[in-house]
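Notes for the structure review
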Amino acid sequence: MEQKTIKIDSGIEIKELYCEPIKMDEMPGVFPFTRGVHAAMYRDRLWTMRQYAGFSTAEESNKRYHFLLGQGVSGLSVAFDLPTQIGYDSDHAMSEGEVGKVGVAIDSLRDMELLFDGIKLSDISTSMTINATGFILLALYIALAKKQGADIKKISGTIQNDILKEYAARGTYIYPPTPSMRLITDIFEYCSKEVPKWNTISISGYHIREAGSNAVQELAFTLANGKAYLQAAQEKNLDINVFAQRLSFFFNAHNNIFEEVAKFRAARRMWAHITQSLGATDPRAQMLRFHTQTGGSTLTAKQPKNNIVRVALQGLSAVLGGTQSLHTNGYDEALSLPTEEAAGIALKTQQILAYESGATDTVDPLAGSFYVEALTNEVEGAAWKLIEKIDAMGGAVKAIENRFMQDEIARSAYAYNKAIEDGSKIIVGVNKFTAAEKNDTPLLRIDDSIRQVQTEKLKKLRAERNNDKAMACLATIKEKAGTTENLMPFVIDAVENLCTLGEISDTLRDVWGEYKG
């Protein structure tokens, strides 16, 4: 009997019925880790429940962190405002209108102290979504941990630190690719010796998907970038069996549960083979560990409470796919930063998944599904074809310079939006099942006066610090940037002497210039 097929968003054709026998000799916790990186998965330990938060001033974000910790969050995830992300202090002309808007403004160690006031860094795991200035935020975090009396060899967390996806999809880069990659490998090298529990990079497919890619492109481009970071670290003579253990990944979760589960399962299997091909022999260096965030681009401003259901489905796909940590979006995020109520519902969504859904009762509960096993193979095969094209160009950096990834993402985004416009892709409440409604969703608004507050803090800091020491630290960074010495110790020294994020960024702009895209 000839079967009808349909195409899912990645272009893979799905049959009406799957009934082929499936090879089932793979076990969780065993290479190539298709079924999970731990033998017992959530039966032993639940994923880390994170909520991404950060807005306005450090003081206001600190209040939200204490609220989330009180609600049962087991790890913090920090959002930074745009000036912090691209290396400008709050009083810089380029910062006007953006201070505190999409995340918290961090200009100096004093802001970092306020951000984590009353929170022991030795007691929590912190994820920081920061890339071009990731080395400075890590330095600030280490400096604060030392000031709190923590053993920095025991602090844990993650910096995103994935600059390649910024060139490909997101745009918050500062320096050209070569010096940017130097900063990343400096972090790898420094942390492997001094902060061994820190995840030095979270290789991000999330923003690739938010820019409009499909699931296969998200998977392929993320792993290609990961491969480039492995090779860059090996060029600095770092042992892949050591540093690969500190790499983590960051994926998106969209509404098609089965496609997302297949993507996560394929990702583990593919990364195991990539690391093995580059010389990794320790199973811990071959494991793909990942954080998931539900899809921001899937949230709708129309009928926003429908987003609660979308987030629950997406969170379920991440759990069924074996994520190590999860952030669930607030239902109001298509309208504003999440309110406290929306953040609370998002966290409760994770808790219901963990304790009421039954999804944690067994390891890899969808294993053996004819459809899921076949789809995992299909997603993997399609992703390998893209990676082979990237390898033929000379790797991820060359593929980005040639605009291959950018053009592929743009084509996918166009096709997706065209399908919504012509009605072949149904979005409930947007192009079908619509209704006249009054949107009374409460919004979180950030006052423009935040910039003035931060400017006054900066004036006070520059008046009170030892400016001779601060300028000497910046001069040292400028000198060392022209050598092959690891910059991290000098950046940590600078932030401890109250050099600002903008001053450090500008010092390196003077040496390396800015990337214009």
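See the structure shown above.
Read on for a plain summary of the structure. (Residues numbered from 1 in each chain as written. Predicted model: local features only at pLDDT ≥ 70, side-chain atom pairs only at ≥ 80, totals over all residues. Heavy atoms only, no water.)

**Some thoughts on the overall build of the chain**
A tally of regular secondary structure across the chain gives 20 helices and 11 strands. Compactness check: the chain gives a C-alpha radius of gyration of 23 Å against a globular reference of 24 Å for 517 residues, within 12% of the reference. When its C-alpha atoms are laid out on the principal axes, the chain stretches across 80 × 60 × 45 Å. By the burial criterion, 58% of the 517 residues in the chain qualify as buried. The long-range fraction of contacts in the chain, counting pairs at least 24 apart against all pairs at least 6 apart in sequence, stands at 78%. (Helix = DSSP H or I, 4+ residues; strand = E, 2+ residues; numbered from the N terminus. Rg over C-alpha atoms; globule rule 2.2 N^0.38 Å. Buried < 20%, exposed > 50% of the residue type's maximum accessible area, 1.4 Å probe, protein only. Contact = heavy atoms within 4.5 Å.)

**Examining the pattern of salt bridges**
Following the criterion strictly, the structure yields 37 salt bridges and no others. Its salt-bridge partner being K165, residue E166 comes within 2.8 Å of it at the nearest N-O pair. Taken as a pair, E166 and K165 share a single burial class, namely buried. The structure contains a network of salt bridges with shared partners spanning D89, D91, R462, R465 and E503. (Salt bridge = Lys/Arg side-chain N within 4 Å of Asp/Glu carboxyl O.)

**As for the packing of helix 14 (residues 370-393) against helix 16 (residues 404-422)**
One way to put it is that helix 14 packs onto helix 16 with a least axis distance of 11 Å and a crossing angle of 150°. For the element pair helix 14 / helix 16, the angle class is roughly antiparallel. Packed against helix 14, whose contacting residues are L386, K389, I390 and M393, the element helix 16 presents F404, M405 and E408 at the interface. (Axes fitted to C-alpha atoms, helices over the stretch in contact; angles between N-to-C directions. Parallel < 35°, antiparallel > 145°, perpendicular 65-115°, else oblique.)

**Regarding helix 14**
For helix 14, which comprises 24 residues, the first-to-last C-alpha distance of 36 Å matches the rise-based estimate of 34 Å (1.5 Å per residue) to within 8%. Within helix 14, burial applies to Y371, V372, E373, A374, L375, T376, V379, E380, A383, L386, I387 and I390. G394 sits one or two positions beyond helix 14 and adopts a positive phi of about 110°. (Expected span 1.5 Å × (residues − 1).)

**Things to note about the layout of surface pockets**
Roughly 1000 Å³ of volume is contained in the second largest pocket. Forming the walls of the second largest pocket are 42 residues, and the residues nearest its centre are D9, H254, Y416, K425 and I427. Breaking the lining of the second largest pocket down by element, the ones donating at least two residues are strand 1 (5-7), helix 7 (206-210), helix 10 (257-277), helix 12 (306-320) and helix 16. (1 Å grid on protein atoms, 1.4 Å probe; cavity = no way out; pocket = protein on both sides within 12 Å on 5 of 7 lines; lining within 4 Å. Points joined across faces, edges and corners; volume = space filled by probe spheres on them.)

**Points about unusual backbone geometry**
Looking along the chain, the bond that leaves F31 and enters P32 is cis, with omega of 5°. Here P32 shows up in the loop between strand 2 (13-15) and strand 3 (48-53). The backbone of N161 shows a phi angle near 60°, a positive value even though the residue is not glycine. Tracing the backbone shows N161 in the loop between strand 6 (156-159) and helix 5 (164-170). The exposure class assigned to N161 is buried, which follows from its relative accessible area of 3%. In this structure, Q303 takes a positive phi of about 45° despite not being glycine. Within the secondary structure, Q303 sits in the loop between strand 10 (290-294) and helix 12.

**Quick word on the pairing of strand 6**
When strand 5 (residues 125-129) meets strand 6, the two strands line up parallel, connected through four bridges. Its bridge partner being in strand 6, T126 is matched across the sheet by G157. Pairing analysis gives two bridges linking strand 6 to strand 7 (residues 198-199), with the strands arranged parallel. Within strand 7, the residue paired with G157 across the bridge is W198. (Pairing = 2+ DSSP bridges.)

**Considerations on helix 1 (residues 58-70)**
Here helix 1 spans 18 Å end to end across 13 residues, near enough to the 18 Å set by a 1.5 Å rise per residue. Regarding helix 1, the residues found buried are A58, S61, N62, R64, Y65 and L68. All buried residues of helix 1 fall inside an arc of 160° around its axis, so they share one side. Exposed residues on helix 1 whose side chains face more than 90 degrees from its buried face are K63 and G70. (Arc of directions from axis to C-beta.)

**Focus: the side chain of Q454**
Mapped onto the fold, Q454 is located in helix 17 (residues 450-464). Assessed through its relative accessible area of 0%, Q454 is described here as buried. Apart from the residues lying within four places of it in its own chain, the contact partners of Q454 are T57, S90, V99, A105, D107 and D111.

**Some thoughts on the packing of aromatic side chains**
Across all of its chains, the model carries 18 aromatic pairs by this definition. Plain terms: the ring middles of F249 and W271 are 4.8 Å apart, the flat faces sit at 75° to each other, and that makes the pair edge-to-face. On the criterion of sequence distance, the pair formed by F249 in strand 9 (residues 247-253) and W271 in helix 10 is long-range, its members being 22 residues apart. The same class applies to F249 and to W271, which are both buried. Seen from the ring of F433, K432 lies directly overhead, with NZ or CZ sitting 5.4 Å from the centre. The side chain of R509 reaches across the aromatic face of Y88, ending 4.4 Å from its centre. (Phe/Tyr/Trp six-rings, centres within 6.5 Å; stacked < 30°, edge-to-face > 60°. Lys NZ or Arg CZ within 6 Å of the ring centre and 35° of its normal.)

**Details of the packing of helix 6 (residues 177-194) against helix 19 (residues 488-496)**
Interhelical geometry of helix 6 versus helix 19 gives an angle of 85° and a closest axis separation of 9 Å. As summarised for this structure, helix 6 and helix 19 are arranged roughly perpendicular, according to the angle between their axes. Residues D186, I187 and Y190 of helix 6 form the contact with helix 19, whose participating residues are M488, P489 and I492. Of the residues that constitute the contact of helix 6 with helix 19, the class distribution is five nonpolar, no polar and one charged. (Nonpolar A, V, L, I, M, F, W, Y, C, P; charged D, E, K, R; others polar.)

**A look at the environment of M405**
Topologically, M405 is positioned in helix 16. Assessed through its relative accessible area of 0%, M405 is described here as buried. Separated by 156 residues in the primary sequence, M405 and F249 place their C-alpha atoms 18 Å from one another. When sequence neighbours within four positions are dropped, the list of residues in contact with M405 reads A168, F221, A224, N225, I390, A396, A399 and I400.

**Comments concerning a nonpolar patch on the surface**
Together, I426, V428 and F433 make up a nonpolar patch on the protein surface, roughly 280 Å² of accessible area in all. Summarising the element assignment, V428 is placed in the loop between helix 16 and helix 17. Judged by its relative accessible area of 38%, V428 falls in the partly exposed class. (Patch = residues over 30% accessible without salt bridge, like charges linked within 9 Å, V, L, I, M, F, W, Y side chains within 5 Å. Areas by Shrake-Rupley, 256 points an atom, 1.4 Å probe, with all protein chains shown as cover.)

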